[in-house]
Amino acid sequence: MTRFALTLEFDGTPFMGLQRQPHGPSVQEAVERAVHAVTGEEATLHSSGRTDTGVHALAMRSHVDIEKPFEPFRLMEALNALLRPDPIAVIGCEIVPDDWHARFSCIGRAYEYRIVNRRAPLTLDRDRAWKVPQPLDADAMHRAAQALVGRHDFTTFRSAHCQAASPVKTLDRLAVRRAGEEVLIEAEARSFLHHQVRSMVGCLALVGMGRWREEQVAEALAARDRQALGLNAPPSGLYFVRAVYP
């Protein structure tokens, strides 16, 4: 049995999320189906993170165990051929030790959220960014975001369906910057709660619009109450960008 680490890029628009779901297509199901077609084996895809319906990935790290001998490059090529026309690509493949685990060996995860700040409709970025027509103050958003950095009880920014044992997480970095008409929010932590990034982005957007004072983000955090959440950003702008390993 050989463990292969895969790096996946995917457009999450047509999927119910990364993990296999009983009520619709998933990235996991598509990759496992391709592995079976290539090897004849029933392999389980394990991944470094989870993504919701409509959330994308630039470099999701995953692994599968396969008995049949393969060169990593040939396995990658075969999987990509069979994943068509699903918007999933294996952009990296390597053999890793048997004790390496895509999820449990991961010590850090990074997401990026894309806002296109303009009045005109999205064409090329449709379903791949959140269009906000009101002018956004990215500097104010960045200042407000710093109240969320560190170890906190993130109950306010946690989905009611979150299955994490505790709402306490350590957010290592939350940065907001403008790049032309885009406002980019970058979040890094060992792990995140369900909807945490989208919930944080939604509240920061309210600050950027001038509908919230900068201090209200800290006040919402301190409330430890989902009712204090101002806005949950849509999934289309969220990207899993990096998994960190020792």
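Check the entry above for the structure.
Quick summary incoming for the structure in this document. (Residues numbered from 1 in each chain as written. Predicted model: local features only at pLDDT ≥ 70, side-chain atom pairs only at ≥ 80, totals over all residues. Heavy atoms only, no water.)

Notes on the packing of helix α3 (residues 138-145) against helix α4 (residues 196-209)
- Two numbers describe how α3 lies on α4: the axes approach to 8 Å, and their chain directions differ by 135°. In this view, α3 runs oblique relative to α4, as classed from their interaxial angle. With respect to the hand of their crossing, α3 and α4 are arranged in right-handed fashion. Between α3, through Ala140, Met141, Ala144 and Ala145, and α4, the contact on the second element is made entirely by Leu204, Ala205, Val207 and Gly208.
- By residue class, the composition of the contact of α3 with α4 is 7 nonpolar, 1 polar and no charged. (Axes fitted to C-alpha atoms, helices over the stretch in contact; angles between N-to-C directions. Helix = DSSP H or I, 4+ residues; strand = E, 2+ residues; numbered from the N terminus. Parallel < 35°, antiparallel > 145°, perpendicular 65-115°, else oblique. Left-handed = near helix turned anticlockwise from the far one by under 90°. Contact = heavy atoms within 4.5 Å. Nonpolar A, V, L, I, M, F, W, Y, C, P; charged D, E, K, R; others polar.)

Concerning the nonpolar core
- Ranked by internal contacts, the top residues of the largest apolar core, which has 75 residues, are Leu6 and Ile115.
- When residues in this core are grouped by element, the largest group, 9 residues, is from α4. (Core = buried A, V, L, I, M, F, W, Y, C linked by side-chain atoms within 4.5 Å. Buried < 20%, exposed > 50% of the residue type's maximum accessible area, 1.4 Å probe, protein only.)

Notes on helix α2 (residues 72-83)
- Over its 12 residues, α2 extends 16 Å from the first C-alpha to the last, a length consistent with the 16 Å expected when each residue adds 1.5 Å.
- Along α2, the residues classified as buried are Pro72, Leu75, Met76, Leu79, Asn80 and Leu83. End-on, the buried residues of α2 take up no more than an arc of 130°, which puts them together on one face. Exposed and oriented more than 90 degrees from the buried face of α2 are Phe73 and Arg74.
- For α2, the secondary structure elements touched by its buried residues are β1 (2-10), α1 (27-39), β3 (56-66) and β4 (88-96). (Expected span 1.5 Å × (residues − 1). Arc of directions from axis to C-beta.)

Concerning the packing of α1 against α2
- The interhelical angle for the contact between α1 and α2, taken along N-to-C directions, is 115°, at an axis separation of 9 Å. For the pair α1 and α2, the sense of crossing is right-handed. For the pair formed by α1 and α2, the contact residues are Ala30, Val31, Ala34, Val35, Ala37 and Val38 on the first element and Leu75, Ala78, Leu79, Leu82 and Leu83 on the second.
- Among the residues forming the contact of α1 with α2, the class breakdown is 11 nonpolar, no polar and no charged.

What to know about the pairing of strand β8 (residues 168-179)
- Across 4 bridges, the pairing between strand β7 (residues 150-153) and β8 is antiparallel. Following the sheet pairing, Arg151 is matched in β8 by Thr170.
- The pairing of β8 with strand β9 (residues 182-189) spans 8 bridges and is classified as antiparallel. Residue pairing in the sheet places Val176 in a bridge with Ile185 of β9.
- Connecting the antiparallel pair β8 and β9 is a turn made up of 2 residues, with Gly180 showing a positive phi of about 65°. (Pairing = 2+ DSSP bridges.)

A closer look at the layout of surface pockets
- Roughly 1,000 Å³ of internal volume is contained in the largest pocket.
- Along its surface, the largest pocket is lined by 39 residues, and Gln19, Gly49, Arg50, Thr51 and Phe192 are the ones closest to its centre.
- The set of elements that each furnish at least two residues to the lining of the largest pocket consists of β2 (46-47), β5 (108-116) and α4.
- Considering each element in turn, the lining of the largest pocket owes the most residues, 3 residues, to α4.
- Counted by class, the lining of the largest pocket contains 13 nonpolar, 20 polar and 6 charged residues. (1 Å grid on protein atoms, 1.4 Å probe; cavity = no way out; pocket = protein on both sides within 12 Å on 5 of 7 lines; lining within 4 Å. Points joined across faces, edges and corners; volume = space filled by probe spheres on them.)

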